[in-house]
Amino acid sequence: MLTVVLTGLRDRWASFLGGFVALALGVGLLATMGLGLSATLHAPERPPQRFASSPVVVQGQDRLTLDVRRGPRTVPVELRLDRPQPVDGRVLRELRARWTVTAAGGPDAVGVDAPAAEVRTLVGDRARVLTGTERAQADPDPDRDARALVGLNALLGTSGGVTAFVSVFVVASTFAFAVALRRREFGLLRTAGATPGQIRRLLLAEAAALGVLASAAGCALGALGAPLLARTLVDGGLAPAWFTIGGASWPFHTAFWTGVTVALTGAVAASRRAGKVGPTAALREADVDADALPLGRAVLGTGLLLAGLGLLVWTCATEPSALLKRKTYTTLPMLLITGVALLSPLLVRPAARLLRSRGAVGTLVRENSAAAVRRTAAVAAPVLVTVALAGTLFGSATGVTRAKEAESREQTAAQYVVSGEELRPVAAPPGAVVSPTGATSVFVRDGAEAVVKYGARAVADPAAFAELARLPVVAGDLRDLDDRSIVVNEEFERHRVGETVEVWRADGSGPVRLRVAAVLALGTGDNGPYVTRANAPGSALDRIDARGGGAATVRALEASGGTAPSEHRPDGGNPQNRLGMILVLGIALVYTVIGLANTLLMATSVRGGELASLRLAGATRAQVLRVVTGEAALAVAIGTVLGLMVTGVVLGALGAGLAALSAPVVLAPPWAVIGAAAGACATVAVASAGLPAWRLTR
């Protein structure tokens, strides 16, 4: 058996080349992404800077600790405050009475030159005592490294998932089409006495050998590509400057065995089909595909399609805000894509029949495409993947960004808006209305099992705020906001006007009981809550809205130290997110190119007799080439249409979700990106079909 397998791999290397390259590239990308992920799991330990010379640091409390219910027990949970609180004055006096105390740039922490155990005994639970590398927590923004890795972790995880998805798709499609081209070979083996089990074991052995070789090559590629990925992420602003690849070994093990599993999985269905080929049926079989959609594939495709549609509807009905998140609109369309791709043979003939042409070339393109369903579907499927990912990724991101832009414009009646980290208060000129606000947080219990931290806005002048704000109020009145009330959104557990909400302030003080003055729709996620400055200790002004007053208002706003907020990018958000989407789409496009080239090179190379018959029937060489390339272009067009259908469903669900959130519905199909992806697919497909046809018709 091993001799037959190795001989077959050597003699049919061209048929296996595409699968080998796709699998090796997939394993290489998985190893690269895994190495990147392992480097994001832990931020580097930075030496303390603010209190580098102090062996002990006493820091004010920076966490709110509350008890919640976990089953029959009550356990404490900690939530980080916006900023550490000042060290208690009594604690400071006691520390200074015994040791040397160093203050460095703020009342939130002090350095103490004393034994740590004695300091802990003195301080107790009135403050935090930090030693060793923990002292870095007293530096400005100590969580910046961890935050920098969160988005990078999500990006690499998503890219790895897309890589695994597309690699399985392409490898399985390659094996299936290669098996379809070898039906007569299997018929001869059956005639020579081979059993169906031997045919299946032969194909699985070929897949295992291919998987081991490709996975080993992929691991080598991953080792070379990981440092390059790290440099690219740093240069593109997706990773901090210190980000480097570590020496973890688990990504190589994971990638290698994933590659072998993908190869075997892709060959299982094809081997079962090959085992059913009879000794004489294969020899008599016509070139028309009569069983292009087996029952198992039809059932699986229908199930995945219905599951994808059901999840979209369920998410839109129960949690529409999830449709606005990148994780959702990146992963959920994969069910739809897989389902439509599996069912694509059902759509090939009807789609091909739509081509109306009176010429001989057009007729041959239409009839050949409709007859060779497997070949047409094998070309259309990877195009479907690329176009659908391009449409759903960029379309969803752009739609969410533009919806937020529109919502932001609709929520203020101000003529002038300035923003900045810490603005200086300004007096309202005569005839002007000025509404300063700042960022803060509130902590609210969500039942007995959880405490939720909400990003809130602190209103300095409730009357001016109510006059300038155009928030989506569903109940109550913004003019009722005062120091004893709060404006909430529909996400709050208690969101009826007049109800009392128990909240803890940004500095951990509380609880305070505030009356619900108004309720807002959820929108895209930035609607409320709102409190007054009395309930937002430590909040600094970061935005000023103003109307009226003419030049005097403009001069006052200029004196605040703020700048006019820049517009969002209209094509998918900030540059980092866009670069991440380009990375994901680039992976899919590379796999599509491999799949198209491999499928069409295999398919066209075995059509020598057919093309020779066309020449004998009077067709010129140019006409034959137009037929072959026209079939490839038609298959790409079918895949593009199917991809647009998936895109339309996903963007339609996004629009329904925005409408359910009372947010502006702004759908923006990325026609330029879709056109570029479809154009690249068409170019590769035409070239991959035309070149072997040109050679065969010499």
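Just so we're clear, the structure is a prediction, and the values are computed from it rather than from any experiment.

### A short note on a nonpolar patch on the surface
Link 1 in the chain: A cluster of nonpolar residues, L306, L309 and V649, forms a patch on the protein surface that exposes about 250 Å² of accessible area.
Link 2 in the chain: For V649, the position within the fold is in helix α20 (residues 621-660).

### Notes on the packing of helix α13 (residues 344-353) against helix α14 (residues 360-371)
Link 1 in the chain: Running from N to C, α13 and α14 cross one another at 170 degrees; their axes reach a closest spacing of 8 Å. The orientation of α13 relative to α14 falls into the category roughly antiparallel. Between α13, through V348, R349, A352 and R353, and α14, the contact on the second element is made entirely by R366, E367, S369, A370 and A371.
Link 2 in the chain: The class makeup of the residues in the contact of α13 with α14 is 4 nonpolar, 1 polar and 4 charged.

### Here we look at the environment of A31
Link 1 in the chain: Here A31 shows up in helix α2 (residues 13-40).
Link 2 in the chain: Residue class for A31 comes out buried when judged on its relative accessible area of 0%.
Link 3 in the chain: Separated by 35 residues in sequence, A31 and L66 have C-alpha atoms that sit 42 Å apart.
Link 4 in the chain: Residue contacts for A31: discarding those within four places in its chain leaves G222, P251, F252 and A255.

### Here's the deal with the nonpolar core
Link 1 in the chain: Core analysis: the biggest nonpolar cluster contains 76 residues, and L233, F243, I337, L384 and V646 have the highest contact counts within it.
Link 2 in the chain: Considering each element in turn, this core owes the most residues, 12 residues, to helix α15 (residues 373-410).
Link 3 in the chain: With residues up to four places along the chain from it excluded, the contact list for L384 reads I337, V340, A341, G639, L642, G643 and V646.
Link 4 in the chain: In terms of nonpolar packing, the next biggest core, distinct from the first, is built from 19 residues, V624, V636, I674 and A685 among them.

### Some points on unusual backbone geometry
Link 1 in the chain: The omega torsion across G510 and P511 is 5 degrees, close enough to zero to call that bond cis.
Link 2 in the chain: Along the polypeptide, P511 turns up in the loop between β12 (500-504) and β13 (512-520).
Link 3 in the chain: Notably, S662 is not glycine yet its phi reads approximately 60 degrees, a positive angle.

### Quick word on the environment of T697
Link 1 in the chain: Its place among the elements puts T697 in the segment after α21 (671-696).
Link 2 in the chain: By relative accessible area, which is 6% here, T697 ends up buried.
Link 3 in the chain: Residues T697 and G608, spaced 89 residues apart in sequence, show a C-alpha to C-alpha distance of 7.9 Å.
Link 4 in the chain: Look past the residues within four positions of T697 in its chain and what remains in contact with it is L611, R615, R621, V624 and L625.
Link 5 in the chain: From its side chain, T697 meets the backbone oxygen of A693 in a polar contact 2.8 Å long.

### Topic: α15
Link 1 in the chain: Between the first and last C-alpha of α15 there are 51 Å, a value that for 38 residues agrees with the 56 Å anticipated at 1.5 Å per step.
Link 2 in the chain: Within α15, 33 of the 38 residues are buried, which leaves the element mostly enclosed by the surrounding structure.

### Some details on the sheet that holds strand β1 (residues 56-59)
Link 1 in the chain: The sheet built from 4 strands is open, its strands ordered β4-β5-β1-β6 with antiparallel pairing. Each end of this open sheet is capped by a strand with a single partner; those strands are β4 (100-103) and β6 (128-131). The mean angle between the axes of side-by-side strands here comes to 30 degrees, regardless of whether they run parallel or antiparallel.
Link 2 in the chain: Direction of pairing for β1 relative to strand β5 (residues 109-113): antiparallel, over a ladder of 4 bridges. Within β5, the position partnered with V56 by the bridge is V112.
Link 3 in the chain: Here helix α3 (residues 89-98) sits on the sheet and contacts β1, β4 and β5; the angle it forms with β5, its principal contact strand, is near 20 degrees.
Link 4 in the chain: Most of the contacts of helix α4 (residues 116-123) go to β6, to which it runs at about 170 degrees, and overall it touches β1, β5 and β6.

Conventions and cut-offs
Residues numbered from 1 in each chain as written. Predicted model: local features only at pLDDT ≥ 70, side-chain atom pairs only at ≥ 80, totals over all residues. Heavy atoms only, no water. Patch = residues over 30% accessible without salt bridge, like charges linked within 9 Å, V, L, I, M, F, W, Y side chains within 5 Å. Areas by Shrake-Rupley, 256 points an atom, 1.4 Å probe, with all protein chains shown as cover. Salt bridge = Lys/Arg side-chain N within 4 Å of Asp/Glu carboxyl O. Helix = DSSP H or I, 4+ residues; strand = E, 2+ residues; numbered from the N terminus. Axes fitted to C-alpha atoms, helices over the stretch in contact; angles between N-to-C directions. Parallel < 35°, antiparallel > 145°, perpendicular 65-115°, else oblique. Contact = heavy atoms within 4.5 Å. Nonpolar A, V, L, I, M, F, W, Y, C, P; charged D, E, K, R; others polar. Buried < 20%, exposed > 50% of the residue type's maximum accessible area, 1.4 Å probe, protein only. Core = buried A, V, L, I, M, F, W, Y, C linked by side-chain atoms within 4.5 Å. Polar contact = N/O pair within 3.5 Å; in protein donor to acceptor, adjacent residues only side chain to side chain. Expected span 1.5 Å × (residues − 1). Pairing = 2+ DSSP bridges.

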